[in-house]
Amino acid sequence: MAKLSQHFDESEFLCKCCGTGHGFIQPHLVLGLEMLRDLIKRPIIVTCAYRCPKHNAEVGGVPNSYHVQGCAADIYAAGLTPYELAGQAARVPMFLNGGIGIYPKRGFIHVDVGLKRRWMG
Ligand SMILES: [Zn+2]
Ligand SMILES: [Zn+2]
């Protein structure tokens, strides 16, 4: 398995349905997650990052989703609410200038290094 950074392995970022995505994970996304990990001082669990187009369609993602481009991750961290985690994510330049979506009922947040957007799921 290929290490993407000190705390993240590529295997955590590959498509949940088929394991594809090798080489597609954007370095800025991983760098942002490392910075976020430093801020919250605890592990970040990646529930979904790269999605192949088929899996993306199955989970209702828009066709040009940043997940398909390897620019997005859905994450949570033990002991932090999605609101708290999103607040910390907004301190990371890549996510401050990218996308942050909060999914309180499902207990995770989406971060990406695409265009600047904010939403509540
Ligand atoms: Zn897949
Ligand atoms: Zn997402």
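See the structure printed just above.
Treat the numbers as computed from the prediction; the structure is a model and nothing was measured.

Reading the values: rules and limits
- Residues numbered from 1 in each chain as written.
- Chains lettered and ligands numbered in written order.
- Predicted model: local features only at pLDDT ≥ 70, side-chain atom pairs only at ≥ 80, totals over all residues.
- Heavy atoms only, no water.
- Pairing = 2+ DSSP bridges.
- Helix = DSSP H or I, 4+ residues; strand = E, 2+ residues; numbered from the N terminus.
- Axes fitted to C-alpha atoms, helices over the stretch in contact; angles between N-to-C directions.
- Contact = heavy atoms within 4.5 Å.
- Core = buried A, V, L, I, M, F, W, Y, C linked by side-chain atoms within 4.5 Å.
- Buried < 20%, exposed > 50% of the residue type's maximum accessible area, 1.4 Å probe, protein only.
- Phe/Tyr/Trp six-rings, centres within 6.5 Å; stacked < 30°, edge-to-face > 60°.

Student: Teacher, can you tell me more about the sheet that holds strand 5 (residues 117–120) here?
Tutor: By definition, the strands of a sheet pair up through backbone hydrogen bonds, in either a parallel or an antiparallel sense. In spatial order, the strands read 1-2-4-3-5; together these five strands make up an open sheet with mixed pairing. One side of each edge strand has no neighbouring strand; the edge strands of this open sheet are strand 1 (45–48) and strand 5. Averaged over all pairs of adjacent strands, the angle between strand axes in this sheet comes to 25°, irrespective of strand direction. Contacts from helix 1 (residues 27–40) reach strand 2 (72–76) and strand 4 (108–112), with the element oriented near 20° to strand 2.

Student: Could you clarify how one ought to interpret the nonpolar core in this entry?
Tutor: Across soluble globular proteins, nonpolar side chains have a tendency to be buried as a group. In this structure, Phe-13, Leu-33, Ile-75 and Phe-95 are the most contacted members of the largest nonpolar core, which totals 27 residues. Considering each element in turn, this core owes the most residues, five residues, to helix 1. In contact with Phe-95, not counting residues within four places along its chain, are Leu-29, Gly-32, Leu-33, Ala-89, Ile-100, Val-111, Asp-112, Val-113 and Arg-118.

Student: Looking at this structure, I do not really get the packing of aromatic side chains. What am I missing?
Tutor: Remark: the centre distance and the inter-plane angle together describe each pair of aromatic rings, the angle taken between the planes. Scanning the entire structure with this criterion turns up three aromatic pairs. A centroid spacing of 5.8 Å and a plane angle of 80° characterise the contact between Phe-8 and Phe-13, whose relative ring orientation is edge-to-face. Pair check on accessibility: Phe-8 and Phe-13 agree, each one buried.

Student: Help me understand the environment of Val-68, please; the structure alone is not making it clear to me.
Tutor: Position of Val-68 among the secondary structure elements: in the loop between helix 2 (53–58) and strand 2. As for Val-68 and Ser-11, which are separated by 57 residues in sequence, their C-alpha atoms are 16 Å apart. Those residues in contact with Val-68 that sit more than four places away from it in its chain are Tyr-50, Arg-51, Pro-53, Asn-56 and Pro-63.

Student: What's the story with unusual backbone geometry in this structure? I'm lost.
Tutor: Glycine aside, negative phi is the norm for most residues, and most peptide bonds take the trans geometry. For Lys-41, which is not glycine, the phi torsion reads 55° and is therefore positive. Tracing the sequence through the fold places Lys-41 in the loop between helix 1 and strand 1. With relative accessibility at 71%, the residue Lys-41 sits in the exposed group.

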